[in-house]
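So you can see what is in the structure, the chains are spelled out below.
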There are 2 protein chains.
Amino acid sequence: MQDDADLLEEFGRRLRHQRTAIGLSQEELAHRCGMHRTYVSSVERGERNIALLNIVSLATALGTDASTFVAGLSRGP
Amino acid sequence: MQDDADLLEEFGRRLRHQRTAIGLSQEELAHRCGMHRTYVSSVERGERNIALLNIVSLATALGTDASTFVAGLSRGP
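All values reported here derive from a predicted model rather than from experimental measurement.

### A word on the overall build of chain A
Here is step 1: The helix and strand tally for chain A stands at five helices and zero strands.
Here is step 2: Taken over the C-alpha trace, chain A has a radius of gyration of 12 Å; the compact-globule value for 77 residues is 11 Å, and the two agree within 12%.
Here is step 3: Viewed in the frame of its principal axes, chain A has a C-alpha envelope of about 35 × 20 × 20 Å.
Here is step 4: Looking at chain A residue by residue over its 77 residues, the buried ones come to 53%.
Here is step 5: The contacts in chain A between residues at least 6 apart in sequence include a share of 60% that link residues at least 24 apart.

Here it is, written out as structure tokens:
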């Protein structure tokens with residue numbers, strides 16, 4: 001069970017890991033998703049409670065499955 | 001590649017499937033997550049672009065992994 005900050009930061013770490021693994025800059029990834037670079041940056045820092053459609057857009061743009069970003073995360077009520 | 005409505009509806013179907021599989025009402029699930037029943041209902045109907053923390057709360061409350069809800073979803077830019 002993670003607290004909210006840990007959970008969002010873990011999501012951000014996974015996103016950054018997937019992005020750098022294929023050698024993409026934040027700007028390139030943002031462009032592919034129709035997002036702004038500063039938005040991608042803030043998600044990677046765990047500062048955003050990112051919503052479903054954007055999660056799926058980022059995963060698709062990175063050629064990975066959205067489940068990669070959320071597997072194993074848990075949260076109390 | 002799903003359009004946004006299809007994608008949100010698919011998420012909602014999976015949520016409803018997991019909830020009914022363990023015999024939980026929308027009200028009981030909402031209570032476990034500190035949400036309102038009408039919110040859970042609208043997510044199940046695909047009317048909400050639900051954010052990460054709520055996705056993880058619902059999964060945890062259902063005893064399932066958050067990846068169950070998003071695996072295989074994809075979305076264009």
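Okay, back to it.
### Overview of the relation of the copies chain B and chain A
Here is step 1: Its rotation angle being 180 degrees, the transformation that places chain B on chain A also includes 0.0 Å of axial translation and leaves an RMSD of 0.0 Å. What the superposition gives is, in effect, a two-fold axis relating one chain to the other.
Here is step 2: Here 100% of the contact residues of chain B are again contact residues in chain A; the copies associate through an equivalent surface.

### Quick look at the environment of leucine 7 of chain B
Here is step 1: You can see leucine 7 of chain B is positioned in helix α1 (residues 4-21).
Here is step 2: Under the relative-accessibility criterion, leucine 7 of chain B is labelled buried at 0%.
Here is step 3: The spacing of leucine 7 of chain B and leucine 73 of chain B is 66 residues in sequence and 6.9 Å in space, taken between C-alpha atoms.
Here is step 4: In this structure, leucine 7 of chain B is in contact with Leu52, Leu53 and Val56 of chain A together with Gln2, Leu73, Ser74 and Arg75 of chain B, ignoring residues within four places of it in sequence.

### With respect to the interface of chain B and chain A
Here is step 1: Across the boundary between the two partners, chain B contributes 28 residues, which contact 28 residues of chain A.
Here is step 2: Buried surface at the junction of chain B and chain A, both sides included, amounts to about 2300 Å², of which 68% is carbon and sulfur.
Here is step 3: It is Leu52, Leu53 and Arg75 of chain B that lose the most area in chain B upon contact with chain A, and together they represent 31% of the buried surface on that side.
Here is step 4: At the surface where chain B touches chain A, the tally comes to zero salt bridges.
Here is step 5: Linking chain B with chain A are 14 residue pairs in polar contact (both at pLDDT 80 or more).
Here is step 6: Broken down by secondary-structure element, the contributors of at least two residues to the side of chain B that touches chain A are α1, α2 (26-33), α4 (52-62) and α5 (67-70) of chain B.

### A word on the pattern of salt bridges
Here is step 1: Applying the stated criterion to the full structure yields 12 salt bridges over all chains.
Here is step 2: The partner of arginine 75 of chain B in a salt bridge is aspartate 4 of chain B, and the shortest N-O contact between them spans 2.7 Å. Linking arginine 75 of chain B in the segment after α5 with aspartate 4 of chain B in helix α1, this pair joins segments that are 71 residues apart in sequence.
Here is step 3: The exposure class assigned to arginine 75 of chain B is buried, which follows from its relative accessible area of 16%.
Here is step 4: On the basis of relative accessibility, which here comes to 31%, the residue aspartate 4 of chain B falls in the partly exposed class.
Here is step 5: A salt bridge links arginine 45 of chain B to glutamate 47 of chain B, with the nearest nitrogen and oxygen atoms 2.8 Å apart.
Here is step 6: Salt bridges here are not isolated pairs; linked through shared partners, they connect Glu10, Arg13 and Arg14 of chain A.

### Examining the packing of aromatic side chains
All names here are of chain A.
Here is step 1: Tallied over the entire structure, the rule returns two aromatic pairs over all chains.
Here is step 2: With centroids separated by 5.3 Å and ring planes inclined at 50 degrees, the aromatic side chains of phenylalanine 11 and phenylalanine 69 adopt a geometry described as tilted. Separated by 58 residues along the polypeptide, phenylalanine 11 in helix α1 (residues 4-21) and phenylalanine 69 in helix α5 (residues 67-70) bring together distant segments of the chain. Across the pair, phenylalanine 69 and phenylalanine 11 agree in class, each one buried.

### Thoughts on the environment of aspartate 4 of chain A
Here is step 1: Each C-alpha atom of the pair aspartate 4 of chain A and asparagine 49 of chain A lies 9.1 Å from the other, and the pair is 45 residues apart in sequence.
Here is step 2: Aspartate 4 of chain A has contacts with Arg75 of chain A together with Leu53 of chain B, leaving out every residue within four places of it along the chain.
Here is step 3: Engagement of the side chain of aspartate 4 of chain A in a polar contact is seen with the side chain of arginine 75 of chain A, the distance being 2.7 Å.

Parameters at a glance
- Here the residue numbers are simple positions, counted from 1 along each chain's written sequence.
- Working convention: letters from A go to chains and numbers from 1 go to ligands, in the order in which they are written.
- Residues qualify for local features only when their pLDDT is at least 70, as the model is predicted, and side-chain atom pairs are given and counted only at 80 or more; totals for whole chains, interfaces and linings, by contrast, use all residues.
- Calculation of side-chain values draws on the structure's entire complement of heavy atoms; hydrogens and water are dropped beforehand.
- Under the DSSP-based scheme used, a helix requires at least four consecutive residues in state H or I and a strand at least two consecutive residues in state E, with every element numbered from the N terminus.
- This radius of gyration counts C-alpha atoms alone. The globule rule is 2.2 Å times how many residues there are, raised to the power 0.38.
- Remark: exposure states derive from per-residue accessible area (1.4 Å probe, protein chains only) relative to the maximum for the residue type, with buried under 20%, exposed over 50%, and partly exposed in between.
- Here, residues are in contact when the closest pair of their heavy atoms is within 4.5 Å.
- The least-squares superposition of copies is restricted to C-alpha atoms, and to residues with a pLDDT of at least 70 in both copies.
- Put simply, buried area is how much 1.4 Å-probe accessible surface two parts lose in total, over both of them, once they are put together.
- For this analysis, a salt bridge means a side-chain nitrogen from Lys or Arg found within 4 Å of a carboxyl oxygen belonging to Asp or Glu.
- Pairs of N or O atoms within 3.5 Å make up the polar contacts considered here, provided that, within protein, one atom can donate a hydrogen while the other can accept it, and that residues adjacent in sequence are counted only when both atoms are side-chain atoms.
- Stacked, edge-to-face and tilted labels apply to pairs of Phe, Tyr and Trp rings (six-membered ring for Trp) whose centres lie within 6.5 Å, assigned for plane angles under 30 degrees, over 60, and everything in between, in that order.

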